[in-house]
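Spelled out from the first residue to the last, the chains are:
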Amino acid sequence: MSTLEIMLVSAFALVGAGLYGLLITRNLIKVVIALQIMVKGALVALVAAGQASDQLALGQSLAMTVIVADTVVAVIGLAFAVQVKRVRGTLDLRALAELRG
Amino acid sequence: MVYAGLGIAAVLCAILAIRATRLLSAALWLAGVSALVSILLYELGARQVAVIELSVGAGLVTVLFVFAISIAGDDALGERTALPRWLAAGAVGALVILLVGMALPVDDATAEAAGGSVQAALWDQRALDVLIQIVLIFTGVLCLLGLLAETRPLVFAPPAARSVARQDALSAGREQVEPVREPALEEVR
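What you see as residue numbers is a count from 1 along each chain, following the sequence as written. For this description, chains carry letters from A and ligands carry numbers from 1, given in the order in which they are written. Owing to the predicted nature of the model, reporting of local features is limited to residues with pLDDT of at least 70; listing and counting of side-chain atom pairs is limited to 80 or more, with chain, interface and lining totals taken over all residues.

Focus on the overall build of chain A
Rules: A run of H or I in DSSP counts as a helix once it spans at least four residues, and a run of E counts as a strand once it spans at least two, with each numbered from the N terminus. Note on method: radius of gyration uses C-alpha positions; expected globular size equals 2.2 Å times residues raised to 0.38. Throughout, a pair of residues is in contact if the C-beta atoms placed from their backbones lie within 7 Å.
Secondary structure assignment for chain A yields four helices and zero strands. In chain A, the succession of α and β elements from N to C terminus is α-α-α-α. Over its C-alpha atoms chain A spans a radius of gyration of 17 Å, topping by over 25% the 13 Å that the globule rule assigns to 101 residues. Of the contacts made within chain A by residues no fewer than 6 positions apart, 50% connect residues no fewer than 24 positions apart.

What follows is the structure in structure tokens.
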């Protein structure tokens, strides 16, 4: 396997691990952790694609944008989790669901 | 070989972060994923992004996670999951197999790090991205200030309960009934 293929497989595996965590977890903070893992996979794929297409600088600049957006998502998600814990006393997503069909 | 080892180690750390029962352990495994990914990026030639990922992903975000877990508490939620594990694993496995089948094999014509500086790409080609990043950072700071502000829990009595309370006060013979104060917006904030 070439370097790019190894990178792509690693990126897909990271995205898969994050998606698996997103599907099974009920904890609000763990949801943020799963999202972070998925974004790491996207980061690796972006840089690997930039290197393979001879545009590493462009791939890096896009990766920087992704890192900034990811950090902002983590900050807001964690602040939201802290407020939910303060007001509702739990981080369980099932307990937070008020609308039941 | 180095790439494969780093990739496998990052995926293992990610699986351990997902499977960890304690939130603090999950946050530390996530920091491990960030560190390994930044080494991977450095080996690929993306040195600026590797440094930023190491400092922001493995440093700042981990500190934020530890801070949030220390405030919210590290309570385990038991073994029950949102979806059955077999269903989630099947769906994710199918997705990953589909992605790998669509993406591979790839023509890896250029293995060398390409020319061009990140600064030029950022400021000349992706100037709008930089602007959006600045807006994102300010949005994040504002949201954080709004969310972390000390607030009282919003407990509003229904109108019927308020009128009953007023009637009770009247029957108790008070001369001046104190109106039920609505919480002002400034107080809530």
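Structure's up, so let's keep going.
What about the overall build of chain B?
As a reminder of what qualifies: Exposure criterion: with C-beta atoms placed from backbone coordinates, a residue whose C-beta has 20 or more other C-beta atoms within 10 Å is buried, one with 12 or fewer is exposed, and one in between is partly exposed.
When you go through chain B residue by residue, the secondary structure sums to eight helices and zero strands. What you see in chain B, going N to C, is helices and strands ordered as α-α-α-α-α-α-α-α. Buried residues in chain B amount to 20% of all 189 residues. Across chain B, every contact between residues at least 6 apart in sequence was considered, and the portion connecting residues at least 24 apart equals 50%.

Thoughts on the packing of helix α3 (residues 56–88) of chain A against helix α3 (residues 47–72) of chain B
Definition in use: Under this scheme, a helix contributes an axis fitted over its contacting stretch, all axes are lines through C-alpha atoms, and angles between N-to-C directions fall in the 0 to 180 degree range. Under this scheme an angle from 65 to 115 degrees is roughly perpendicular, one under 35 degrees roughly parallel, and one over 145 degrees roughly antiparallel; angles in between are oblique. The residue classification treats Ala, Val, Leu, Ile, Met, Phe, Trp, Tyr, Cys and Pro as nonpolar and Asp, Glu, Lys and Arg as charged. All others, Gly included, are polar.
Where α3(A) meets α3(B), the closest approach of the two axes is 10 Å, and the angle between their N-to-C directions is 5°. Judged by the inter-axis angle, α3(A) sits roughly parallel to α3(B). When its residues are assigned to classes, the contact of α3(A) with α3(B) shows 18 nonpolar, four polar and two charged.

Thoughts on the interface of chain A and chain B
Contacts between the two partners involve 66 residues from chain A and, on the opposite side, 78 residues from chain B. For the side of chain A that touches chain B, the element with the most residues is α3(A), which contributes 25 residues. Of the residues contributing to the side of chain A that touches chain B, the split by class is 42 nonpolar, 17 polar and seven charged.

A few points about the nonpolar core
Within soluble globular proteins, side chains that are nonpolar generally end up buried alongside one another. Keep this limit in mind: Each nonpolar core reported here comprises buried Ala, Val, Leu, Ile, Met, Phe, Trp, Tyr and Cys residues connected via C-beta atoms within 7 Å.
Counting 76 residues, the largest nonpolar core has A:Ile29 and A:Ala48 as the members making the most contacts within it. Residue assignment for this core shows that the elements contributing at least two residues are α1 (3–24), α2 (28–52) and α3 of chain A together with α1 (2–19), α2 (23–44), α3 and α5 (118–125) of chain B. Ignoring any residue separated from it by four or fewer positions in sequence, one finds A:Ala48 in contact with A:Leu4, A:Met7, A:Leu8, A:Ala11 and B:Leu44.

What about the environment of B:Leu23?
Along the chain, B:Leu23 falls in helix α2. C-alpha separation for the pair B:Leu23 and B:Ala58, spaced 35 residues apart in sequence, amounts to 16 Å. Excluding residues that lie within four positions of it along the chain, B:Leu23 makes contacts with A:Ile29, A:Lys30, B:Ile69 and B:Asp74.

Quick look at the confidence of the model for chain A
Selection rule: One number per residue, pLDDT, summarises how confident the predictor is, and it ranges from 0 to 100.
Put simply, chain A has an average pLDDT of 88, and 96% of its residues get 70 or more. When mean pLDDT is taken per element in chain A, α2(A) scores highest with 92 and helix α4 (residues 93–96) of chain A scores lowest with 79.

Here we look at the packing of α1(A) against helix α4 (residues 85–103) of chain B
Under the convention used in this document: Left-handed describes a crossing whose near helix is turned anticlockwise from the far helix by less than a right angle; the clockwise case is right-handed.
With their axes 9 Å apart at the nearest point, α1(A) and α4(B) run at an angle of 155° to one another. Between α1(A) and α4(B), the angle is such that the two are roughly antiparallel. Considering only the axes of α1(A) and α4(B), their crossing is right-handed. The residues of α4(B) that touch α1(A), namely those facing A:Leu8, A:Val9, A:Phe12, A:Ala13, A:Gly16, A:Leu19, A:Tyr20, A:Leu23 and A:Ile24, are B:Arg85, B:Ala88, B:Ala89, B:Ala91, B:Val92, B:Leu95, B:Val96, B:Leu99, B:Val100 and B:Ala103. A class-by-class count of the residues in the contact of α1(A) with α4(B) yields 17 nonpolar, one polar and one charged.

What about the environment of B:Ala121?
Among the structural elements, B:Ala121 can be located in helix α5. Taking the C-beta count within 10 Å as the criterion, B:Ala121 has 21 such neighbours and is therefore assigned buried. Apart from the residues lying within four places of it in its own chain, the contact partners of B:Ala121 are A:Ala57, A:Leu58, A:Ser61, B:Gly116 and B:Arg126.

Regarding the confidence of the model for chain B
All names here are of chain B. For chain B, the mean per-residue pLDDT works out to 78, and 72% of the residues sit at or above 70. The least confident element of chain B is helix α8 (residues 185–188), whose mean pLDDT is 55; the most confident is α2, at 93. Prediction confidence for the complex, expressed as pTM and ipTM, is 0.78 and 0.91 respectively.

A closer look at α2(B)
Counted only if it meets this: By this rule the span expected of a helix is its residue count minus one, scaled by 1.5 Å.
Over its 22 residues, α2(B) extends 31 Å from the first C-alpha to the last, a length consistent with the 32 Å expected when each residue adds 1.5 Å. Positive backbone phi, at 105°, marks B:Gly45, one or two positions downstream of α2(B).

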